[in-house]
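# A closer look at the structure
These are the residues of each chain, in order.
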Amino acid sequence: MARGKKSGSAAKRPPLRLVNVAVAAAIRSALTYSVPEALEVRPGQRVQVPLGMRRAAGVVVEPVASLAPGIKVREILRALDPEPALTPELVTLGLWISEYYLAPVGEVFRAMLPLRAETRRAQIVRISEAGKRRLADLDSSLLDESRQSAEAKLLRFVASEGEVALDHLRRQFAVTPQAVERALAARWLDATEVELARGERKVLSVRLASGPVPEPPHKLSPAARRILEALEEQGASRDHRALLKSARASLGELKKLGAAGLLELGEARGATVASPTGEITSAPRTPELHLLTPAQEAALADLSARLEKGEFAAALLHGVTASGKTEIYLRLIARCLERGRAAMMLVPEIALTPSVEAQFLERFGGRVAVLHSGLSEAERHREWRRARRGEARVILGTRSAVFAPVTDLGLVIVDEEHDASYKQQETPRYHGRDVAVVRARLEKALIVLGSATPSLESSLNAREGKYHLLKLEERVAGRQLASVEIVDMREEFRETLSNVPISRRLQGEIQAQLDARAQTIILLNRRGYAWFILCRSCGQSPRCVNCSISLTYHRREHRQICHYCGYSAPVPTRCPSCGSEHLHFVGEGTEKMEDKFAELFPGARVARLDRDVARRPEQFAKILGEFRQGKIDILVGTQMIAKGHDFPGVTLVGVVSVDVGLSLPDFRSAERTFQLLTQAAGRSGRGDAPGRVLVQTFYPEHYAVRMAAEQNYDAFYSKEIRFRRVMHYPPVTALANVVAHDVTLERAARVAQAVGKFLESQDGDSRALKILGPSPAPLAKIKGRHRIQFLLKSASRARLNQVLRRLMDYCDQQGIPPRSVMIDVDPVSIM
């Protein structure tokens, strides 16, 4: 605590230096602390502060001129980094996110930063004068056992090193730990606490030796064989740790194989990628530049002119699938680097980063840093530091990469800007695309939003003149858009009297593909083997204990799994409710479809690509590589295969069903269906042969299906925006989703009652604010918490924000825990 002034003639203490610190806790505002005389801190620097009875990390936000009379403050304990971790622009961005999305400011900065501090506290030991005398006595002893004792070896080691970290010393003498403790107790060693810079562990890239492979000098161990087998199956590894984990082997085994000439080991500096041939790349190559179409040249010239101005500008690049948007991005980034400024590109899914990363490395080499949540903590920290030190000037990553600490950012690109993955579903619930726009404005940078199916928000901004609109209406090399045919599954049922998931038309087209040795993609946006297990006797199905949803059957694990909380249960042999043995597996997921196609086409090479496979990065990369090389005939997958991938050999895409998405109680369901179908159609016909798409549906008249088949975005936009205007939904109205939730339904209802009472008092002008609810959320229970929902709509965003802030103040006054009320501004889903 800050102390008062001394009375009398005592010397005056220097005035307190005060700063606001965003503490990493569920606290809405920054807290004020004093800075010790011996410490210098700046905005953006991480510090450790006292918080109640514990210590917490935080980020210095801004200096404070003075305090109100009578207010006492506590001192900052120490700095966690020698320099600010965040640039002034990123500090301002974090404060904007907290203000706009009503998120605790400390939680915002925690999401913006890597998990580790730059320094760590450690004890350093040196040999004391008493220790030197003790060592001299032991060295001069006539007894060999004294000269070779653990104490003598310990003191000699510390004396030769000068100073040693105590934890390292304990590891070095782990066999005789009592020697270390005895030396400390006897004061033969002096220990002091210091701040040490964190070292970076070396990450090795591993691949099988090229050229003639020598005979192993000795019989290989089982672990060594597993390493070699993993590399043969999965290809080169960019991170030896992931390889050793999958092979259940040690670093020693890996190094032995390297010394024997069976493997090639190298340091993975910066971003690296394994090519389909297994080559690890980190240096840029001179690429063979594609000849741009007139539309590409015009778009590139327009964007380059805006980039040259060095001012904030926003552009929407609306280009049909395979129109060459990525080539424009790459050339624009190259021009940004030539001007001495950094560039950033965001992609919606981790699954998209390997293929995009390969193109970036080919053009920009070690200047690329890759940031996404699929990296280990150490990898993320290393890439983040490379960006902060200026070693990496091109940032590639998913949503969180928008916070990369590059300086002088000149260009931001958001690819597939329409994708819902850019919205974070936990605190802070920010939208990566919108945050990217704000960051570009702060950095005076050009931002380019690219998509074949722009979100209604971005399209409306373009039509209102807030964004500059550029269009690419033709595919490169004169290729035609894929032809789309709708298969009415109602007619299929009438004619076959069977509820099969694969129509005769689709079967026939796939057989024709196999005969022509062409590739096929099958899209089914359902993971697992069966949607759920149903008892035919009592009608019950096993449900998740934490969520109000049925469990999905996964045959590979032979478990029932909840896709919301991860809960799993064994597959019952009898109904848990009535004991009946008449259990039926309802519906088809990607696992089942993979088996079904392998059964229908015995000679075909069938593979599956969904989130379950993507959890194993090596297997995911292997399947993608083999499909590109034509080693797989039919690829079955979820929506992740409909996004951004370029498969020149694919000339048929079959969409098994789009009806699940259309039937969801969400105002964006039609928009998502249109986007998914259009993006899926874009995977077909990207090579020299024309492409075809078959869409199976029970709703062939739905405008989202019809207009996606026509690939007519403008017609869909006109229809959908009219619906949004009539129903007062975004983008013409600001929307917030307020959810009262608790582990018991009774407490959740009490919180909802209090929230409802407050909102009623704010509903004076129904034109300015519309309130829907309270009502049970469509998913009434998730992760053990019951959920009661309010939807708030307002034509005025300022009015909506004002009401939400008052609601937070009201909840604080009523003692309602912050965890019991979730506020989602600009939700992409109201489920």
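I will try to describe carefully the structure that is included in this document. (Residues numbered from 1 in each chain as written. Predicted model: local features only at pLDDT ≥ 70, side-chain atom pairs only at ≥ 80, totals over all residues. Heavy atoms only, no water.)

## What about helix 2 (residues 105-112)?
Extensive coverage of helix 2 is indicated by the burial of 6 of its 8 residues. Every buried residue of helix 2 is accounted for by Val105, Gly106, Glu107, Val108, Phe109 and Met112. In the core, the buried residues of helix 2 are packed alongside strand 1 (18-23), strand 4 (54-64), helix 1 (88-101) and helix 14 (377-388). (Buried < 20%, exposed > 50% of the residue type's maximum accessible area, 1.4 Å probe, protein only. Helix = DSSP H or I, 4+ residues; strand = E, 2+ residues; numbered from the N terminus. Contact = heavy atoms within 4.5 Å.)

## Re the sheet that holds strand 23 (residues 552-554)
An order of 23-24-25 is seen for the 3 strands of this open sheet, with the pairing classed as antiparallel. Two strands in the sheet have a free side with no partner beyond their single neighbour: strand 23 and strand 25 (568-570). Each strand of the sheet is rotated relative to its neighbour by a mean of 35°, with strand direction disregarded. Two elements, strand 24 (residues 559-561) and strand 25, share 3 bridges in a ladder whose sense is antiparallel. In the sheet register, Arg559 faces strand 25, and the bridge partner there is Pro570. (Pairing = 2+ DSSP bridges. Axes fitted to C-alpha atoms, helices over the stretch in contact; angles between N-to-C directions.)

## Re unusual backbone geometry
Thr427 connects to Pro428 through a cis peptide bond whose omega is -5°. Tracing the backbone through its elements, the reader meets Pro428 in the loop between strand 17 (409-415) and helix 15 (432-443). Residues Pro730 and Pro731 are joined by a peptide bond in cis, for which omega reads 10°. Secondary-structure assignment places Pro731 in the loop between helix 25 (713-727) and strand 31 (734-742). At Leu102, a residue that is not glycine, the phi angle is positive and equals roughly 55°. Secondary-structure assignment places Leu102 in the loop between helix 1 and helix 2. Positive phi, normally seen in glycine, also occurs at Lys783, with a value near 55°. By relative accessible area, Lys783 is classed as exposed at 56%.

## Description of the sheet that holds strand 32 (residues 770-782)
Here 4 strands make up an open sheet; going across it, the order is 32-33-31-34 and the pairing antiparallel. Two strands lie at the open edges of the sheet, namely strand 32 and strand 34 (821-825), each paired on one side alone. On average, each strand axis in the sheet is inclined to that of its neighbour by 25°, with strand direction left out of account. Sheet analysis places strand 31 next to strand 34, joined by 5 bridges and oriented antiparallel. Bridging across to strand 34, Val738 finds its partner in Ile823.

## Examining the pattern of salt bridges
Applying the stated criterion across every chain yields a total of 55 salt bridges. A salt bridge links Arg126 to Glu163; its shortest N-O distance comes to 2.8 Å. Residue Arg126 is found in strand 6 (residues 119-127), and its partner Glu163 is found in the loop between helix 5 (150-161) and strand 7 (164-165); the two are separated by 37 residues along the sequence. A relative accessible area of 34% places Arg126 in the partly exposed class. Given the relative accessible area of 43%, Glu163 is considered partly exposed. For Glu509, the salt bridge goes to Arg692, with nearest N and O atoms at 2.6 Å. You can see Glu509 sitting in helix 18 (residues 504-515) and its partner Arg692 sitting in strand 30 (residues 692-697), a full 183 residues away along the chain. The class for Glu509 is buried, based on a relative accessible area of 13%. Classification of Arg692 as partly exposed rests on a relative accessible area of 27%. Taken together, the shared-partner salt bridges connect Glu457, Arg668, Glu671, Glu720 and Arg724 into one network. (Salt bridge = Lys/Arg side-chain N within 4 Å of Asp/Glu carboxyl O.)

## With respect to the environment of Arg724
Structurally, the position occupied by Arg724 is in helix 25. On the basis of relative accessibility, which here comes to 0%, the residue Arg724 falls in the buried class. Spatially, the C-alpha atom of Arg724 lies 9.7 Å from that of Leu456, the residues being 268 residues apart in sequence. For Arg724, the side chain forms a polar contact with the side chain of Glu671, separated by 2.9 Å. (Polar contact = N/O pair within 3.5 Å; in protein donor to acceptor, adjacent residues only side chain to side chain.)

## Comments concerning the packing of helix 1 against helix 2
As a packed pair, helix 1 and helix 2 sit with axes 9 Å apart at the nearest point and diverge in direction by 130°. Between helix 1 and helix 2, the interaxial angle falls into the category oblique. As for how helix 1 packs across helix 2, the hand of that crossing is right-handed. Residues Leu90, Val91, Gly94, Leu95, Ile97 and Ser98 of helix 1 form the contact with helix 2, whose own contacting residues are Val105, Val108, Phe109 and Met112. Tallied by class, residues from the contact of helix 1 with helix 2 come to 8 nonpolar, 2 polar and no charged. (Parallel < 35°, antiparallel > 145°, perpendicular 65-115°, else oblique. Left-handed = near helix turned anticlockwise from the far one by under 90°. Nonpolar A, V, L, I, M, F, W, Y, C, P; charged D, E, K, R; others polar.)

## Things to note about the pairing of strand 16 (residues 394-397)
Here strand 16 shows no split at all, with Val394 and Leu396 on one side and Ile395 and Gly397 on the other all buried. By the bridge criterion, 4 bridges tie strand 14 (residues 342-346) to strand 16 in an arrangement that is parallel. Looking across to strand 16, one finds that Met345 is bridged to Leu396. Bridge count for strand 15 (residues 368-371) against strand 16 is 4 bridges, and the pairing is parallel. Each bridged residue has a counterpart across the sheet, and for Leu371 the counterpart in strand 16 is Gly397. With helix 14 bridging strand 15 and the parallel strand 16, this β-α-β connection has right-handed handedness. (Right-handed = clockwise from strand over helix to strand, strands pointing away.)

## Considerations on the side chain of Asp612
In this structure, Asp612 sits in helix 20 (residues 611-614). Only 2.7 Å separates the side chain of Asp612 from the side chain of Arg527, close enough to count as a polar contact. In contact with Asp612, not counting residues within four places along its chain, are Arg527, Gly528 and His554.

## Details of helix 9 (residues 240-247)
Every buried residue of helix 9 is listed here: His240, Leu243, Leu244 and Ala247. Taken around the axis of helix 9, the buried residues stretch over an arc of 95°, which confines them to a single face. Packing partners of the buried residues in helix 9 comprise strand 9 (204-208), helix 8 (222-234) and helix 10 (251-259). Following helix 9 by one or two positions, Arg248 adopts a phi angle in the positive range, close to 55°. (Arc of directions from axis to C-beta.)

## Let's talk about the environment of Glu473
Here Glu473 shows up in the loop between strand 19 (468-472) and strand 20 (483-488). With relative accessibility at 58%, the residue Glu473 sits in the exposed group. Each C-alpha atom of the pair Glu473 and Thr321 lies 9.0 Å from the other, and the pair is 152 residues apart in sequence.

## Focus: the packing of helix 23 (residues 669-681) against helix 24 (residues 703-710)
Each pair of packed helices gets described by two things: the angle between the helix axes and the distance between those axes. Taken N-terminus to C-terminus, the directions of helix 23 and helix 24 make an angle of 25°; their axes are 9 Å apart at the nearest point. Considering the angle they form, helix 23 stands roughly parallel to helix 24. Where helix 23 crosses over helix 24, the handedness of that crossing is right-handed. Facing Ala670, Thr673, Phe674, Leu677 and Thr678 of helix 23, the residues of helix 24 in contact are Tyr703, Ala704, Val705, Met707 and Ala708. Across the contact of helix 23 with helix 24, the residue classes tally to 8 nonpolar, 2 polar and no charged.

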